[in-house]
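The residues making up each chain are set out below.
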Amino acid sequence: INVHRDVLVAEEKAAEEERHKIAVELAERKNKVKNLKIKYESLVQKNKASNGEVETVGEHSQAYYVIRAAQEREELQRKGDELNAKIIKSEKEPVSYTHLRAHET
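First, a word on scope: everything that follows refers to the structure included in this document. Predicted model, so just to flag it, every value in this text is computed and none were measured.

What the protein chain contains, in helices and strands, is two helices and zero strands. Buried positions account for 4% of the 105 residues belonging to the protein chain.

Oppositely charged side chains may form a pair once their charged atoms are brought near each other. For the coordinates displayed, the defined rule picks out six salt bridges. Put simply, arginine 29 and glutamate 25 hold a salt bridge, and the shortest N to O gap is 2.8 Å. Highlighted residues: arginine 29 and glutamate 25, both in helix α1 (residues 2-51), separated by four residues, approximately one helical turn. A residue is classified by how much of its surface remains accessible, and arginine 29, at 53% relative accessible area, is exposed. For the salt bridge of arginine 68 with glutamate 72, the shortest nitrogen-to-oxygen distance reads 3.8 Å. Placement of the pair is arginine 68 and glutamate 72 together in helix α2 (residues 62-104), with a separation of four residues, close to one helical turn.

So, about the packing of aromatic side chains. Evaluation of the coordinates by the stated rule reveals one aromatic pair. Considering the side-chain rings of tyrosine 64 and tyrosine 65, the 5.1 Å spacing of their centres and the 80 degrees angle between planes classify their relative orientation as edge-to-face. Tyrosine 65 sits in the partly exposed class, given a relative accessible area of 33%.

What counts, and where the lines are drawn
Residues numbered from 1 in each chain as written. Predicted model: local features only at pLDDT ≥ 70, side-chain atom pairs only at ≥ 80, totals over all residues. Heavy atoms only, no water. Helix = DSSP H or I, 4+ residues; strand = E, 2+ residues; numbered from the N terminus. Buried < 20%, exposed > 50% of the residue type's maximum accessible area, 1.4 Å probe, protein only. Salt bridge = Lys/Arg side-chain N within 4 Å of Asp/Glu carboxyl O. Phe/Tyr/Trp six-rings, centres within 6.5 Å; stacked < 30°, edge-to-face > 60°.

See below:
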């Protein structure tokens, strides 16, 4: 009976150690999840501040962000093309002024 009791006590100790180990691992994982949520929230807030838009967390899918990035890239490309056209136009203007002055004399 004493041997059986000793075996049961040893099994109980092992089970308690395993439970403690799992509890510690669970606490670590909960802490990691909490930290990731905080990081995600801060990124969302940063994104809101930079866009000036108010969004709820998880409102948009990945496709939304891909499409929005493509639209922003297209808008920047259009603005770049407009600036290039202005540069070319302004580079040609002094040449046309010199031609006018040459014809005046």
